[in-house]
Structure formats: C-alpha cells, structure tokens
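Next come the chains, spelled out residue by residue.
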Amino acid sequence: MIRLVALLLSASFAIAADPPKTSYVIRGATLHDGSGKAGHKGDVHIRGDRMAAVGAVGKVADATEIDGTGLVVCPGFIDLHTHCDSGLLGKVGRANKNYITQGCTTVVTGNCGSGPVDAGAYFKKLEAGGIATNEIHLATHNSIREQVMGNANRAPTAEELAKMEGLVDQAMKDGTFGLSTGLIYTPGTYAKTDEIAALAKVVGRHGGLYASHIRDESAGLLTAIEEAVKIGTEGSCRVHVSHIKASGKSSWGTSVGAVELIEAARKKGTEVTADQYPYIASSTSLGATVVPTRYRAGTKKEYLARLNDPTAGPKIRAAVEATLKGEGAKRIRIARYAKNPMWQGKDLAAIAEREKKSPTDIALEIERNGGAQVVNFGMSEDDVRVYMKRPWVATASDGGVQTPGDTVPHPRSYGTFPRKIGKYAIEDGLVTLEAAIRSSSGLPADILKLTHRGYLKPDYFADVVVFDPKTYRDTATFEKPHQYAAGVKWVFVNGVPVVADGKHQPTRLPGKVLRWKGK
Ligand SMILES: [Zn+2]
C-alpha cells in the first residue's frame, strides 16, 4: 500500500511538473548569456516557464535554491541540424536523452531535404505524445520532390513544380522555419538550381531560411556554396550552409577559400551562415558515399538491376573503386548494417581482408543487400578548426535520437556540444568559452530568428543549462559511441528540470513545437 502511494505520488509529480508551478534560483554561478560577452558571476531566477531575473537575485520565497558555485549557467543549446524527425515520435525517443544530457534544449528537424512533408500532422503527433526538447521543423525538398515526382532524374513539369511550391507554402503556413535541401541525395540531387530557387521564393515570401546540404562538399565545394548563395539571393532568403566541411583529402585546405567566399557574400549584404559538428568524420549512407547520384535514380529494384547491368554495372564498379582506392577503404567504417552486424564498427579495408575479397566487392555486396550507414573519416583537423573560429558558424550535430545497442553510429549524436565546449574551448582554447557557448545558443537563435530563446534574459523562456566546466566533456567515441555526456548538472526546458542535480528525468516532456509565425 505504501509502495502504491509512493508510486502514485511520483507519477503525479511528473505530471504536475508540466507546466511547472515552481521556481528556482541558481546562485553564485558564472553566467554566459549567449551573446559572446565574457561570463560574469550572478544568479538566475526561473519562475514558471520563463526566466524572471538574471543577474543579482534577492531572497525569493518558496524558490528551490541551487548552489551554482564553480558552475556555468548558459542558455539551453539549440541544435540547428539534426535528423531527430522519426526518433522523436518513439516511446523512448521522445525523451531525447542523448541530446538532453548534452544540455541541448531545442532540435531542428527536416534537414538535408528529408523528413515529414506534412508538417502540421507531424507537429500534432509530437504534441500528442510530448517531447523533452523543443522542436523546429524545416520543409524538406527531397521528400516533397519524391512525393510529387518519385525518384525521377529529370526537371519537373510546370504542373509538378506548382505542386511542390504548394507543398512548401503549406509547410511554411504550418510553421516550418524554412526549406532544406540535400543535394547529394536522391531525388533532390536531380533538381537544377532554378527549381530550388523557385521553391526558395515561396520560403522568402514567408521570411524563412534556406538551409542546404550543398551539392558538393569536396572538389566542388566553392561552386556548391555559390549555388546556395544564388538560390538564397533569388528567393530573398537567408542562406545557411549545413555541416560545412572540406571532405576528401584532395580538398583539404579549401576551407580557407570557402570562408573567403562566404565572408565576401556577407559583406555584400547577403545573410550567409553555417553550422558544423566538431569531428573529422562525417556519416551518411554507403551508397551516397561511394555511388555517383546518376546511378541511384528510380526504384530500389531499378538500382539493383543497374548494379548487375552489363553497361552500367562496370561503370558503377569503377566509380566505387576510384573512391575506395589508396586510403579510401580504410577511412570508411560501417555504422549500421542489419544484414551483418558483425561488420559494424569495422572499416571496409579490414572487412575485405578478413573476407578475402576487395573493398569494392564488399561495398557492392552491401549495396545489393539494402545498403548500410557509414562513418567516413574524410576531413582534416585544420579545416575543422578554420571553420570553428568564424563567428557565423554555429555548433550542430547532424545526429539523431539514439538508443544504446549494437550499432556503432557517429558519436556526434551524444557528444557534439560538450566536445565543442569541453574540448575545443575549455581544454584546447581554440575558441573562448563564451564564443563556444554563443555558437551553441545565441547564434543559432539569431540564424532562426527565434524570439525569446537562445539568451539568458528576463522574460525569455527558461531553457537553461547548468554545467561543471571541470567535468563537462563528451565521452562518446568512434569505437564506443553510445555514451552520454558528462558534467551537466541541470537542464531546464521551459522551466522544467529534465536533468535535476545531475540526474536525467525521463518522464518529463516539457518541450514545445516552435512554429514560425512569418516575418
Ligand atoms: Zn546532410
């Protein structure tokens, strides 16, 4: 009986916590407000879902006092670039533990052109079941194009383009913050610049953002950035380059040219920004990594037939071989491959050696068996650092909702923010702590034109993180990625502590769907 009462009490506490009627004062911490200004000693008073005061806070009756001595208080992190779309709808995924435990309080979905097309229906599902982090969605070019014209490698007819414009317009009316493209992925890759510019114009009328996984992150990096700027300019949209990098050894060093190009556009008045994850490896499907897009059109059946086709087959084989030659096969590790989980965590060269086959044979075998997710060690640390120092580059993970298991995914889903702040700022001093925090809070809020979030300010929503700078670190590695971040003491989402005194509270789901209200 006592146990039953305790159970009921704990259940009712979880419900009563949303919305909270409580107030908290975090006292004597170092406050970093998200603006990039140096931190200073102070207190934060959280009352309901807002910050009531920031600075010196007197005695507050009935407030829970939190001793902030030695701790940093900053705005909750806003991850501009995630693939949490479907994960957030899961029973466990709603808690979004791998993001919450980093101090991330808002995730943006619909990236790289992929995700729910019907934003209104998606938002309803998120709201019906609840989510721990706030959520922002983008209209998804690839998914929209697929819905209208399948996986066709051609330009749309006038009628098809009008349909796509209609779907983008509806998504913006439903509250998406802009349009995303993924121009290395099918079918978005088959769109020419003018098609995307036409859709960007719809977004521009709503005052939205154009965010792009650009057409080429390797040899054609600069041309691809130019295309993104052109699309944004024609559509009257702000331009955002997703997960900026210089991928593949032959393009190492081109980050310098990319920075010059973007800063020249910014000087001319175009709003161009970027985001970045603080790692030298990327992650996507094996197919997108090794098979040129022109061979990936049509249905799965058509793709499989092409792999065995007497004309196309050898050409695909040659293209895969060219990518995997030299160190190529060693750089690509299998993250997830349902057909043979034993290969997860191993690189293509090692698998090939063990199986006594060539890396190309292994890659083609995987493609024939439905493909795999890979981690690709294609970047140089120097390029990562060049981008990281720019004040217009936000921190974002490109990760998703993760559940610990036998897969070996990219550690960015667990470690992006503590790695940027813990390793690159606090340990290495590459950027200042205040700059690293700004790149994770105020800057992404500005890029999104988000109001009342991203800064520590009175009357702003109480998305607040409290961490210990001595222990706030990423613990997820490429070998053992399923490891939660260390050092986060409190995470408030809309005033509700989802991490309380270092403990994650999985039943608390105070996140909100944030809808774009137009310009
Ligand atoms: Zn992408």
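Residues numbered from 1 in each chain as written. Predicted model: local features only at pLDDT ≥ 70, side-chain atom pairs only at ≥ 80, totals over all residues. Heavy atoms only, no water.

1. Digging into the coordination of the zinc ion
And then number 1: Those donors, Cys112 (SG), His213 (ND1) and His243 (NE2), are the protein atoms that reach the zinc ion, and they lie 2.1 to 2.2 Å from it.
And then number 2: Every donor residue of the zinc ion comes from the same chain, spaced as C-x100-H-x29-H. A residue pair is termed long-range when its members are at least 10 positions apart, and Cys112 in the loop between β7 (104–109) and α3 (119–129) and His243 in the loop between β12 (238–241) and α8 (255–267) qualify at 131 residues. The pair formed by Cys112 and His243 is uniform in burial state, with each residue classed as buried. (Donors = N, O, S within 2.8 Å, 3.2 Å for Na, K, Ca; no water. Helix = DSSP H or I, 4+ residues; strand = E, 2+ residues; numbered from the N terminus. Buried < 20%, exposed > 50% of the residue type's maximum accessible area, 1.4 Å probe, protein only.)

2. Side note on the confidence of the model for the chain
And then number 1: Of all residues in the chain, 96% attain a pLDDT of 70 or more, and the chain-wide mean is 95.
And then number 2: When mean pLDDT is compared element by element in the chain, strand β6 (residues 77–79) scores highest at 99, while helix α1 (residues 2–16) scores lowest at 43.
And then number 3: Here residues 1–20 is modelled with pLDDT under 50, and outside its nearest four sequence neighbours on either side it reaches 10 contacts, counting other chains as well. (pLDDT = per-residue confidence, 0-100. Contact = heavy atoms within 4.5 Å.)

3. Looking at the pattern of salt bridges
And then number 1: Using the criterion set out here, one finds 26 salt bridges in the structure.
And then number 2: Salt-bridge contacts for Asp169 lead to Lys173; the nearest nitrogen and oxygen are separated by 2.8 Å. Taken as a pair, Asp169 and Lys173 lie in helix α5 (residues 158–174) at a separation of four residues, close to a single helical turn.
And then number 3: Between Glu217 and Lys245 there is a salt bridge, and its shortest N-O distance comes to 3.2 Å. Within this pair, whereas Glu217 is found in the loop between β11 (209–213) and α7 (221–235), its partner Lys245 is found in the loop between β12 and α8, the two being separated by 28 residues in sequence.
And then number 4: In this structure Glu217 comes out as buried when scored by relative accessible area, which is 12%.
And then number 5: What you see here is one network of salt bridges that share partners, running through Glu381, Arg385, Lys423 and Asp428. (Salt bridge = Lys/Arg side-chain N within 4 Å of Asp/Glu carboxyl O.)

4. Focus: the pairing of β7
And then number 1: Counting buried positions along β7 gives six out of six residues, so the element sits mostly inside the fold.
And then number 2: As defined by bridge partners, β6 adjoins β7 across three bridges and the pair is classed as parallel. The residue bridging Ile78 from the neighbouring strand is Thr106, located in β7.
And then number 3: Bridge count between β7 and strand β8 (residues 134–137): four bridges; the pairing is parallel. Opposite Val108, over in β8, you have Ile136 as the bridge partner. (Pairing = 2+ DSSP bridges.)

5. Some points on the packing of aromatic side chains
And then number 1: If you walk through the whole model with that rule in mind, you get 12 aromatic pairs.
And then number 2: Their ring planes at 5 degrees and their centres at 5.7 Å tell us that Trp490 and Phe492 sit as a pair that is stacked.
And then number 3: Relative accessible area serves as the criterion here: at 0%, Phe492 is assigned to the buried category.
And then number 4: Three or more aromatic residues link up through ring pairs in this structure, and these residues are Tyr24, Trp490 and Phe492.
And then number 5: Positioned above the aromatic ring of Tyr484, the side-chain terminus of Lys97 is 4.3 Å from the ring centre.
And then number 6: Over the ring of Tyr455 we find Lys457; its NZ or CZ atom is 5.2 Å from the centre of that ring. (Phe/Tyr/Trp six-rings, centres within 6.5 Å; stacked < 30°, edge-to-face > 60°. Lys NZ or Arg CZ within 6 Å of the ring centre and 35° of its normal.)

6. Some points on the state of the cysteines
And then number 1: Applying the stated criterion across every chain yields a total of zero disulfides.
And then number 2: This cysteine, Cys84, is not joined by any disulfide, and Cys104 carries the nearest cysteine sulfur, 7.7 Å off.
And then number 3: Residue classification places Cys84 among the buried residues on the basis of a relative accessible area of 0%. (Disulfide = S-S within 2.5 Å.)

7. Some remarks on helix α14 (residues 359–368)
And then number 1: When we look at burial in α14, the residues that qualify are Thr360, Ile362, Ala363, Leu364, Ile366 and Glu367.
And then number 2: Of the surrounding secondary structure, the elements contacted by the buried residues of α14 are α9 (286–290), α10 (300–308), α11 (312–324), β15 (332–336) and α13 (348–355).
And then number 3: Trailing α14 by a residue or two, Gly370 shows a phi angle of about 100 degrees, which is positive.

8. Comments concerning unusual backbone geometry
And then number 1: With an omega dihedral of -10 degrees, the bond running from Thr186 to Pro187 counts as a cis peptide bond.
And then number 2: When you line up the elements, Pro187 lands in the loop between β10 (178–182) and α6 (193–205).
And then number 3: Even without glycine at this site, His243 takes up a positive phi of about 30 degrees.
And then number 4: A relative accessible area of 2% means that His243 is categorised as buried.
And then number 5: A positive phi is found at Asn494, a non-glycine position, where the angle reads about 50 degrees.
And then number 6: Mapped onto the elements, Asn494 comes out in the loop between β19 (488–493) and β20 (496–500).
And then number 7: Judged by its relative accessible area of 2%, Asn494 is buried.

9. A closer look at the nonpolar core
And then number 1: Counting 56 residues, the largest nonpolar core has Val168, Tyr210, Leu448 and Leu450 as the members making the most contacts within it.
And then number 2: For this core, the element with the most residues is α7, which contributes six residues.
And then number 3: Setting aside chain neighbours within four positions, we find Tyr210 in contact with Leu179, Thr181, Leu183, Ile196, Ala228, Ile231, Gly232, Cys237, Arg238, Val239 and His240.
And then number 4: The next biggest cluster of nonpolar side chains, apart from the first, holds 44 residues, and it includes Cys74, Leu88, Val375 and Val384. (Core = buried A, V, L, I, M, F, W, Y, C linked by side-chain atoms within 4.5 Å.)

10. Section: the pairing of strand β1 (residues 23–31)
And then number 1: In this structure, β1 lies alongside strand β4 (residues 63–67), joined through five bridges in parallel fashion. Within β4, the residue paired with Arg27 across the bridge is Asp67.
And then number 2: In terms of strand pairing, β1 meets strand β2 (residues 40–47) through seven bridges, oriented antiparallel. The partner of Tyr24 across the bridge, within β2, is Ile46.
And then number 3: Sheet topology places β1 next to strand β5 (residues 72–75); two bridges connect them, and they run parallel. From the neighbouring strand, Leu31 faces β5, where its bridge partner is Val73.

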